[in-house]
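Coordinate inspection notes
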Amino acid sequence: MPRAALVSVAMCLLVACAALVSTTTPAVTAQTVPGDKRTTIPGFAEALDMIRDLLDRGRGIEAENIARALLARVESTRGRDVLEAAEVLDLLGRAVRRSARVKEEEKTEFAERAVAIKERVLGPWHPDLAFSLTALGVQRTLRLDPAAGRPLLERALAIRERA
């Protein structure tokens, strides 16, 4: 890889790190959106916690399996474009980021869907959107397309600074 491309990738990753400083995966709850009258899915929060725990312990394959099952459950009970689906997609994207078994297109699709859902439901400046933008920016950068990743990472950073 040419030196200029490596420098560009490094800059994008630095911006991503800055956006992630003092942030964790946002916890989406029924109270996240004012006036939202969603019913919560039984065991949803516990399943998210389990996935996060597995990811923190480096058990990505197990986290991926549970996240895929939870996503199917959310989509069958609540629909494809709900906030709960975006939360699971964020974690699923984290679980498969280093996987050689999962195609790059599918990894990018998870991140793009999460961003689209959060932008629609929460709005373009909501702090929870910054996490998904960072994930999409990192995914695009890892696909060796830092030019596509950088604006997303910069937007995530702007949202974090505004919050």
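About the criteria used
- Residues numbered from 1 in each chain as written.
- Predicted model: local features only at pLDDT ≥ 70, side-chain atom pairs only at ≥ 80, totals over all residues.
- Heavy atoms only, no water.
- pLDDT = per-residue confidence, 0-100.
- Helix = DSSP H or I, 4+ residues; strand = E, 2+ residues; numbered from the N terminus.
- Salt bridge = Lys/Arg side-chain N within 4 Å of Asp/Glu carboxyl O.
- Buried < 20%, exposed > 50% of the residue type's maximum accessible area, 1.4 Å probe, protein only.
- Axes fitted to C-alpha atoms, helices over the stretch in contact; angles between N-to-C directions.
- Parallel < 35°, antiparallel > 145°, perpendicular 65-115°, else oblique.
- Left-handed = near helix turned anticlockwise from the far one by under 90°.
- Contact = heavy atoms within 4.5 Å.
- Nonpolar A, V, L, I, M, F, W, Y, C, P; charged D, E, K, R; others polar.
- Core = buried A, V, L, I, M, F, W, Y, C linked by side-chain atoms within 4.5 Å.

1. Notes on the confidence of the model for the protein
Model confidence for the protein is summarised by a mean pLDDT of 85, while 76% of its residues fall at 70 or above. The least confident element of the protein, judged by mean pLDDT, is helix α1 (residues 3–20) at 51; the most confident is helix α4 (residues 83–96) at 98.

2. Regarding the pattern of salt bridges
A full pass over the atoms with the stated rule returns 17 salt bridges. Residue Arg 68 pairs with Glu 106 through a salt bridge whose shortest N-O separation is 3.1 Å. Placement of Arg 68 in helix α3 (residues 60–77) and of Glu 106 in helix α5 (residues 104–122) is noted, with a sequence separation of 38 residues between them. According to the relative accessible area criterion, Arg 68 is partly exposed, its value standing at 28%. With relative accessibility at 26%, the residue Glu 106 sits in the partly exposed group. Between Lys 118 and Asp 90 there is a salt bridge whose closest N-O contact spans 2.6 Å. Taken together, the residues Lys 118 in helix α5 and Asp 90 in helix α4 connect sequence positions 28 residues apart.

3. Regarding the packing of α3 against α4
Where α3 meets α4, the closest approach of the two axes is 9 Å, and the angle between their N-to-C directions is 160°. One finds that α3 runs roughly antiparallel with respect to α4. The way α3 lies across α4 gives a crossing that is left-handed. Together, Gly 60, Ala 63, Glu 64, Ala 67, Arg 68, Leu 70, Leu 71 and Val 74 of α3 and Glu 84, Ala 85, Val 88, Leu 89, Leu 92, Ala 95 and Val 96 of α4 make up the contact between the two elements. A breakdown of the residues in the contact of α3 with α4 according to their chemical character gives 11 nonpolar, one polar and three charged.

4. Considerations on the nonpolar core
Formed by 25 residues in total, the largest nonpolar core has its most connected members in Phe 44, Ile 51, Leu 70, Val 74 and Val 88. Going through the elements one at a time, α2 (44–56), α3, α4 and α5 are the ones with two or more residues in this core. Here this core takes eight residues from α4, the largest share from any one element. Beyond its immediate stretch of four places on either side in the chain, Val 88 contacts Phe 44, Leu 48, Ala 67, Leu 70, Leu 71 and Val 74. If you look at the next biggest cluster of nonpolar residues, it comprises nine residues, including Ala 111, Leu 129, Ala 130 and Ile 159.

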